[in-house]
Structures are given as C-alpha cells and as structure tokens.
Amino acid sequence: MTFLSTRRLLIASAAAFALSTSLGAQAQSATPASATPVAPAQAAASLAPRGAQLDIGQVFKRMQDAGMHSISEIDWDDGRYEVKATNAQGQRVKLYVNGTTGAIEYTRIVNRHR
C-alpha cells in the first residue's frame, strides 16, 4: 500500500465518520425501529485488512498514545502494520505494529539522508 492509497483510506475513513455522524443526528427521529444504523467504529473496522482486528484509526490512536507524532504513513504488510512517525526524541522511525494487539513489535530509526 502506498502513501497515497493510505492517505486516501484515512480521508475516506474520516469522511465516512463525519457523514455517519451528521446523518445519524438528522435521521434519529426518522429512523424506523427495525433499521439498525452502522456505527462509525463498525464502518472503520471494515477498512482493516483481512486477519487484522485493529483498523488504521485505532493504530493511529495507539501510536499517538505511545508518544509518536508526525505520523505520515500507515501500511498493512505481511500481517502487521508499518508506521512511519517521529518518536518522542525527535527521530524519524519506522514501527512494526501487531495488527491484532497494537503492540509495537520492532522500531527502526530511519536515516533521513538517503
């Protein structure tokens, strides 16, 4: 998955969340009792790769909680997420994140001067 496709996926997730939130507020009184609206979390979960239990939004949040910032890329590869970010020490890093648990399995410092 390239940066552009990851970016498009993030934009689509944000748009789906915003749309479902605004439509949910408008349709609350008009929704029949038999209809079950799709929660934003369920919609985002459908964007997760097969076999992964965390979606990109959840991985992004976990990386922020771990002290990462300037997160520029989140890709699914070989059963895990690869995340490019800046750590608390200001170093650009590539993180390998377990797709099920969200645990950082490996961190590699990225050389900017390549």
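Residues numbered from 1 in each chain as written. Predicted model: local features only at pLDDT ≥ 70, side-chain atom pairs only at ≥ 80, totals over all residues. Heavy atoms only, no water.

### A short note on the environment of Tyr 96
Here Tyr 96 is to be found in strand E3 (residues 92-98). A residue is classified by how much of its surface remains accessible, and Tyr 96, at 10% relative accessible area, is buried. Beyond its immediate stretch of four places on either side in the chain, Tyr 96 contacts Arg 80, Tyr 81, Glu 82, Ala 103, Ile 104, Glu 105, Tyr 106 and Arg 108. (Helix = DSSP H or I, 4+ residues; strand = E, 2+ residues; numbered from the N terminus. Buried < 20%, exposed > 50% of the residue type's maximum accessible area, 1.4 Å probe, protein only. Contact = heavy atoms within 4.5 Å.)

### Side note on the pairing of strand E1 (residues 69-77)
Direction of pairing for E1 relative to strand E2 (residues 80-86): antiparallel, over a ladder of six bridges. Counterpart to Glu 73 in the pairing with E2 is Lys 84. If you look at the hairpin formed by E1 and E2, you'll find two residues sitting between the two strands, and Asp 78 has a positive phi there, around 50°. (Pairing = 2+ DSSP bridges.)

### Remarks on helix H3 (residues 56-65)
Listed as buried for H3 are Ile 56, Val 59 and Met 63. Down the axis, H3 shows its buried residues gathered within 60° of arc, on one side only. For H3, the side-chain oxygen to backbone nitrogen distance between the N-cap and Gly 57 is 2.9 Å, and the N-cap itself is Asp 55. Following H3 by one or two positions, Gly 67 adopts a phi angle in the positive range, close to 95°. (Arc of directions from axis to C-beta. Polar contact = N/O pair within 3.5 Å; in protein donor to acceptor, adjacent residues only side chain to side chain.)

### Things to note about the packing of aromatic side chains
One pass over the full model with this rule turns up two aromatic pairs. With centroids separated by 4.9 Å and ring planes inclined at 70°, the aromatic side chains of Trp 76 and Tyr 81 adopt a geometry described as edge-to-face. Its relative accessible area of 22% is what places Trp 76 among the partly exposed residues. (Phe/Tyr/Trp six-rings, centres within 6.5 Å; stacked < 30°, edge-to-face > 60°.)

### Things to note about the sheet that holds E1
A sheet is described by the order of its strands in space; here four strands give the open sequence E1-E2-E3-E4, paired in antiparallel fashion. Each end of this open sheet is capped by a strand with a single partner; those strands are E1 and strand E4 (104-109). Here the average twist between neighbouring strands, direction ignored, is 20°. In this sheet, E3 lies alongside E2 in antiparallel orientation, the contact comprising seven bridges. Note on E3: the bridge partner recorded for Ala 85 is Val 93. (Axes fitted to C-alpha atoms, helices over the stretch in contact; angles between N-to-C directions.)

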